[in-house]
Amino acid sequence: MRRPVRAAAVLALLAAAALAGCSDDEPGATTPEHTLPSTPAEPAWNPCDALDPAPVSRALGAEVTLEAGTPEAPRCSLLPVEPGGPTLNVTYAWTQVGLAETIDQLQLPEGVDVRTPEVAGADDARLVVNVRDDAAAVTGFVDDGDLVQTVNALDLAPHDAATLVAATTEVVRQLSAAAPEEP
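Quick look at the structure, then. (Residues numbered from 1 in each chain as written. Predicted model: local features only at pLDDT ≥ 70, side-chain atom pairs only at ≥ 80, totals over all residues. Heavy atoms only, no water.)

1. Concerning the overall build of the protein
Going by this rule: Secondary structure follows DSSP: runs of H or I at least 4 residues long count as helices, runs of E at least 2 residues long count as strands, and numbering of each begins at the N terminus. Think of it in three bands: residues with accessible area under 20% of the maximum for their type are buried, residues over 50% are exposed, and the middle band is partly exposed, with areas taken using a 1.4 Å probe on protein chains only. Any two residues having at least one pair of non-hydrogen atoms within 4.5 Å are treated as being in contact. For the area figures, the Shrake-Rupley method with a 1.4 Å probe applies, and any residue is considered shielded solely by the protein chains shown.
Looking only at helices and strands, the protein features four helices and seven strands. Here the protein holds 183 residues, and the buried ones make up 39% of them. Sequence separation of 24 or more characterises 55% of the internal contacts of the protein that already satisfy a separation of 6 or more. Carbon and sulfur atoms form 52% of the exposed surface of the protein, whose accessible area is close to 10,200 Å².

2. With respect to helix α4 (residues 161–177)
The cut-off we apply is this: To estimate how far a helix should extend, the number of its residues minus one is multiplied by 1.5 Å.
The end-to-end C-alpha distance of α4 is 24 Å, a good match for the 24 Å that 17 residues give at a rise of 1.5 Å each. Counting buried positions along α4 yields 12 of 17 residues, so the element is predominantly enclosed.

3. Section: the packing of helix α2 (residues 53–60) against α4
A pair of packed helices is captured by two measures, namely the crossing angle of their axes and the spacing between those axes. Convention followed: Only the stretch in contact is used when a helix axis is fitted, and all axes are lines through C-alpha atoms; the angle between N-to-C directions ranges over 0 to 180 degrees. When describing relative orientation, an angle under 35 degrees is termed roughly parallel and one over 145 degrees roughly antiparallel, while 65 to 115 degrees is termed roughly perpendicular and anything else oblique. What makes a crossing left-handed is the near helix being turned counterclockwise from the far one by less than a right angle; a clockwise turn instead makes it right-handed. Throughout, the ten residues Ala, Val, Leu, Ile, Met, Phe, Trp, Tyr, Cys and Pro are labelled nonpolar, Asp, Glu, Lys and Arg are labelled charged, and all others, Gly among them, are labelled polar.
Running from amino to carboxyl end, α2 crosses α4 at an angle of 160 degrees, the nearest separation of the two axes being 8 Å. By the angle between their axes, α2 is roughly antiparallel relative to α4. For the pair α2 and α4, the sense of crossing is right-handed. For the pair formed by α2 and α4, the contact residues are P55, V56, A59 and L60 on the first element and T163, L164, A166, A167, E170, V171 and Q174 on the second. Residues that form the contact of α2 with α4 fall into these classes: eight nonpolar, two polar and one charged.

4. Some points on the state of the cysteines
Under the convention used in this document: Throughout, a disulfide means two cysteine sulfur atoms within 2.5 Å of one another.
Across all of its chains, the model carries one disulfide by this definition. Bridging C48 to C76, the disulfide has an S-S length of 2.2 Å. Between C48 and C76, the S-S torsion sits near 95 degrees, and that sign places the bridge as right-handed. With C48 in the loop between α1 (7–10) and α2 and C76 in strand β2 (residues 74–80), the pair connects residues that are 28 residues apart, well separated along the chain. Among the residues examined, C48 registers a relative accessible area of 3% and is labelled buried. On the basis of relative accessibility, which here comes to 3%, the residue C76 falls in the buried class.

5. Concerning the packing of aromatic side chains
The relation between two aromatic rings is expressed through the spacing of the ring centres and the mutual angle of the planes. Definition in use: Stacked, tilted and edge-to-face are the three classes assigned to paired rings of Phe, Tyr and Trp, where Trp is represented by its six-membered ring and a pair needs centres within 6.5 Å; plane angles under 30 degrees give stacked, over 60 edge-to-face, the rest tilted.
Going through the model one piece at a time under the given rule, you end up with one aromatic pair. Here the aromatic rings of W45 and Y92 are separated by 4.5 Å at their centres, their planes lie at 70 degrees, and the arrangement is edge-to-face. In this pair, W45 sits in the loop between α1 and α2 while Y92 sits in strand β3 (residues 87–94), placing the two residues 47 residues apart along the sequence. Overall, Y92 belongs to the partly exposed group, its relative accessible area being 31%.

6. Observations regarding the side chain of S57
Definition in use: Residues adjacent in sequence count toward polar contacts only when both atoms are side-chain atoms; beyond that, a polar contact is any pair of N or O atoms within 3.5 Å, and within protein one must be able to donate a hydrogen and the other to accept it.
Looking at where S57 falls in the secondary structure, it is placed in helix α2. Within the structure, the side chain of S57 is placed 2.9 Å from the backbone nitrogen of V64, a separation counted as a polar contact. With near-sequence residues (within four places) excluded, S57 lies in contact with A62, E63 and V64.

7. Description of α2
Along an α-helix, a turn takes 3.6 residues, which lines up residues three or four apart on a common side. Within α2, the full set of buried residues consists of P55, V56, S57 and L60. Summarising the contacts, the buried residues of α2 are in contact with β1 (64–69), β2, β3 and α4. The residue sitting at the N-terminus of α2 and contributing the capping side-chain oxygen is D52; that oxygen lies 3.0 Å from the backbone nitrogen of A54.

All quantities given are derived from atomic positions and should not be read as evidence of function.
Structure (structure tokens):
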């Protein structure tokens, strides 16, 4: 059974928020049904498989590289080539809770701006933009069926919020264009 993603946790730390499924399993359970095979039957889907860092670099005005991890430890990050540059991390969740409902449940702090970018083929997309003197953080969400993908982007001062929004929007568009229909 799928449970709703807890919306308040999504942006607890705006730049580090991630959508994750909940379960009734005890942490650290080691019964056979909780044991992972030593090698997966097929490689796990990774949202990084569809990302092209070149358009993201152009949007940022700074080069980023793609870090997809390994099949055993997948991750999806666009990391700055130059130290101190903007960083973008992608997560996803299979959920039956719509994006609009999730955004409505968020208790966003004062000054956070929620935008609805145009994303061809997506059921819904949102950008949550939080700009402060010391950092700009943008969380992009894209909803394609039961898949909600999240991009957390952070740029420390001196930052350019407009380019961070443009780069996050580019990643959201790429993710939606390559979204699988089922897990």
